[in-house]
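# Observations on the model geometry
One-letter residues, chain by chain:
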Amino acid sequence: MESLNNCPVCNNSQLLPHSSCIDHTVSRETFQIISCSACGFKFTNPRPNANEIGKYYEAEEYISHSGTNKGLINKLYALVRSYTIKSKVVLISSLTNSLKEETRSLLDIGCGTGDFLNACKQKGWDVTGIEPSEVARKNAKEKFGITPLPQEKLFDIKEKKFHVITLWHVLEHIYELDKTLQHIQNLLHTNGTLLIAVPNCNSWDAKKYGANWAAWDVPRHIYHFTENDIQKLFRKYSFRLYKTLPMKFDSYYVSLLSEKYKTGRSNFISGFWNGFVSNLNAEKKEYGFSSQIYILKKEII
């Protein structure tokens, strides 16, 4: 285990306890979430070190690595994922419609089993994927003939520039945060676009479920973001937040899992209802959606 003494966003050293959460997916261990006294950023602390964290992903239920569709919740997740992948391709295409199709390059960090990469490749994108899980890399190769690079190879990419860099529910997992974000800044074209999707711990469903909110997902999620956190963090790397978009399906998936964590059984009526209520409340300033996509652009200096 390792502990951070300073806030990753503002470097403040005064840290306050926020909540205790159980790892419901793998270990059943309890982990602490800390809040920065200055900026309010929340992060898991202490946390397994980078050499220990792998064992906390060793579950067939961890769908981004295995692609499993066992169980009703995972079947629903897989169905929705097929739709959202198409939506993501439409989104990045709309952000790069001024480019000639043959010039468009994409780096997807944390590409999982390669479904999004394959969809982009089919639309003519020059794609590169980074994925720490050997199981997920193997699945990507078997399913799509795509060979993602292991995580450490990210920093070997130096000459190539990308028009779009994506991290779909990945930023909350990254250990070498400062090094990674600085490298991303260097890899992105001057007029390129960075897309970050993360859970929003300020959402209505996060407040509803408290320590049982499934998107805490400790210890795999080591950071817990709000829109304000994203703005402050990326300002350090000369990015400005261009637009925030909702991921409306996530509130239902997260609420269904949260119901199971809270009560010990799947309560589909309450889960779907609370997901619906969360989306209704998301437009209010104090909440936002359960998960959000942040579109960031390089500051022109």
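Quick note: structure is the one above.
Residues numbered from 1 in each chain as written. Predicted model: local features only at pLDDT ≥ 70, side-chain atom pairs only at ≥ 80, totals over all residues. Heavy atoms only, no water.

A separate point is the sheet that holds strand β7 (residues 188–199). Spatially, β5-β4-β6-β7-β10-β9 is the arrangement adopted by the six strands of the open sheet, whose pairing is mixed. The outermost strands of the open sheet, each flanked by one partner alone, are β5 (126–130) and β9 (239–246). The average undirected angle you get between the axes of adjacent strands in this sheet is 20 degrees. Two elements, β7 and strand β10 (residues 291–298), share seven bridges in a ladder whose sense is antiparallel. (Pairing = 2+ DSSP bridges. Helix = DSSP H or I, 4+ residues; strand = E, 2+ residues; numbered from the N terminus. Axes fitted to C-alpha atoms, helices over the stretch in contact; angles between N-to-C directions.)

It is worth spelling out the sheet that holds strand β2 (residues 30–36) at this point. In sheet architecture, strand pairing relies on hydrogen bonds along the backbone and comes in two forms, parallel and antiparallel. The strand order across the open sheet built from four strands is β1-β2-β3-β8, with neighbouring strands paired in antiparallel fashion. The open sheet has two free edges, formed respectively by β1 (15–22) and β8 (223–224), since each of these has just one partner strand. Bridging between β1 and β2 involves seven bridges; their strand directions are antiparallel. Pairing of serine 19 across the sheet is with isoleucine 33, part of β2.

Take helix α7 (residues 227–235) next. Among the residues of α7, those classed as buried are Asp229, Ile230, Leu233 and Phe234. Angular distribution of buried residues about the axis of α7 spans 115 degrees; they occupy a single face of the element. Elements in contact with the buried residues of α7: α5 (177–187), β7, β8, β9 and β10. (Buried < 20%, exposed > 50% of the residue type's maximum accessible area, 1.4 Å probe, protein only. Arc of directions from axis to C-beta. Contact = heavy atoms within 4.5 Å.)

Looking at the element boundaries, valine 170 is found in the loop between β6 (162–168) and α5. Here the alpha-carbon distance between valine 170 and glycine 110, two residues 60 residues apart in the chain, equals 5.9 Å. Sequence-distant contacts of valine 170, that is, excluding residues within four places in its chain, are made with Ile109, Gly110 and Ala197.

By the secondary structure assignment, serine 258 is in helix α8 (residues 248–263). Residue serine 258 is classed as buried on the basis of its relative accessible area of 0%. When the C-alpha atoms of serine 258 and threonine 147 are compared, they prove to be 34 Å apart, with 111 residues separating the residues in sequence. What serine 258 contacts, discounting residues up to four positions off in sequence, is Tyr209, Asn212, Trp213 and Ala214. Here alanine 214 takes part through its backbone nitrogen, which lies 2.9 Å from a polar atom of the side chain of serine 258. (Polar contact = N/O pair within 3.5 Å; in protein donor to acceptor, adjacent residues only side chain to side chain.)

Right, let's talk about the pattern of salt bridges for a bit. The final tally for this structure, using the stated rule, is seven salt bridges. Residues arginine 220 and aspartate 23 are paired through a salt bridge, measuring 2.6 Å at the closest nitrogen-oxygen approach. A residue pair is termed long-range when its members are at least 10 positions apart, and arginine 220 in the loop between α6 (204–209) and β8 and aspartate 23 in the loop between β1 and β2 qualify at 197 residues. Residues arginine 220 and aspartate 23 agree in their burial class; the two are buried. (Salt bridge = Lys/Arg side-chain N within 4 Å of Asp/Glu carboxyl O.)

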